[in-house]
Amino acid sequence: TRSNNKILVLPNSGGSHTPLNQVYRLIDLVLKLSIERKSLNIYLKPHPADFKDNVLNYLNRNSEGIPDNLVLMNKKEQIQFQDFDILVINNSAAGTEAAIFAVPVIIVCKNKDEIMVPQYIEEGIGEFASDYLEFARAIDKVLSDKDTYKDRCDKFVNLNYSNQGKSVEAVMNILLQN
């Protein structure tokens, strides 16, 4: 039986600070997780800058079909962070946006030295994983303690953003007052 747990995976494009081999490594971990954990609902959205369709091509070359619980999203589709329980990234500022919606982050990269936004880990809104075992454990840890991670996300946003993710509303209020 499938659970209601929804995991969003946002790999980098492979054309920036995260090399393509790390993007492929993340996809391998996600494929393995989707096969071993049929109860999870996993959504994989390629980066909008993935102009060569690296994610799609890699999936087609290296899997024997996409598992039923793995949904490949359109790379141009708008992300509704509030619909997910966990965000999985290589390295991305998307973790900050996810935190605004109280969605914890799992960062997958070779080692902790490669983490571009260490505050995700330092402030407890996410977990780090460098291999499949750590990845699966991080998923379990976050899912088993969602409320704690959501509280930490709220604290992270309140500490780091003066408008707590509501800049548009703040600007509109200022404009309407004048």
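What counts, and where the lines are drawn
Residues numbered from 1 in each chain as written. Predicted model: local features only at pLDDT ≥ 70, side-chain atom pairs only at ≥ 80, totals over all residues. Heavy atoms only, no water. Pairing = 2+ DSSP bridges. Helix = DSSP H or I, 4+ residues; strand = E, 2+ residues; numbered from the N terminus. Axes fitted to C-alpha atoms, helices over the stretch in contact; angles between N-to-C directions. Contact = heavy atoms within 4.5 Å. Phe/Tyr/Trp six-rings, centres within 6.5 Å; stacked < 30°, edge-to-face > 60°. Buried < 20%, exposed > 50% of the residue type's maximum accessible area, 1.4 Å probe, protein only. Salt bridge = Lys/Arg side-chain N within 4 Å of Asp/Glu carboxyl O.

Read from one edge of the open sheet, six strands run β3-β2-β1-β4-β5-β6, paired in parallel fashion. Edge positions in the open sheet fall to β3 (70–72) and β6 (126–129), since each of these has one partner strand only. Pairwise comparison of adjacent strand axes, ignoring direction, gives a mean angle of 20° for this sheet. Note: strand β5 (residues 105–108) against β6, four bridges, orientation parallel. Counterpart to Val 108 in the pairing with β6 is Ala 129. On the sheet, helix α5 (residues 132–144) packs against β1 (6–10), β4 (86–89), β5 and β6 and is oriented at approximately 165° with respect to β6.

Each aromatic ring pair is characterised by the separation of its centres together with the angle its planes make. Using the criterion set out here, one finds four aromatic pairs in the structure. Here Tyr 24 and Tyr 58 contribute two aromatic rings whose centre-to-centre distance is 4.1 Å and whose plane-to-plane angle is 10°, an arrangement assigned as stacked. You can see Tyr 24 sitting in helix α1 (residues 20–36) and its partner Tyr 58 sitting in helix α2 (residues 54–62), a full 34 residues away along the chain. Judged by relative accessible area, which is 17%, Tyr 24 ranks as buried.

Turning our eyes to something else, we now look at the pattern of salt bridges. If charged atoms from side chains of opposite charge come close, those side chains can pair. Per the stated rule, a full pass over the model turns up five salt bridges. Linking Lys 75 and Asp 53 is a salt bridge whose minimum nitrogen-to-oxygen distance equals 3.2 Å. Within this pair, whereas Lys 75 is found in the loop between β3 and β4, its partner Asp 53 is found in the loop between β2 (41–44) and α2, the two being separated by 22 residues in sequence. A relative accessible area of 18% means that Lys 75 is categorised as buried. Here Glu 127 makes a salt bridge to Lys 141, at a shortest N to O gap of 3.4 Å. Here Glu 127, found in strand β6, pairs with Lys 141, found in helix α5; they are 14 residues apart in sequence, far enough to count as distant.

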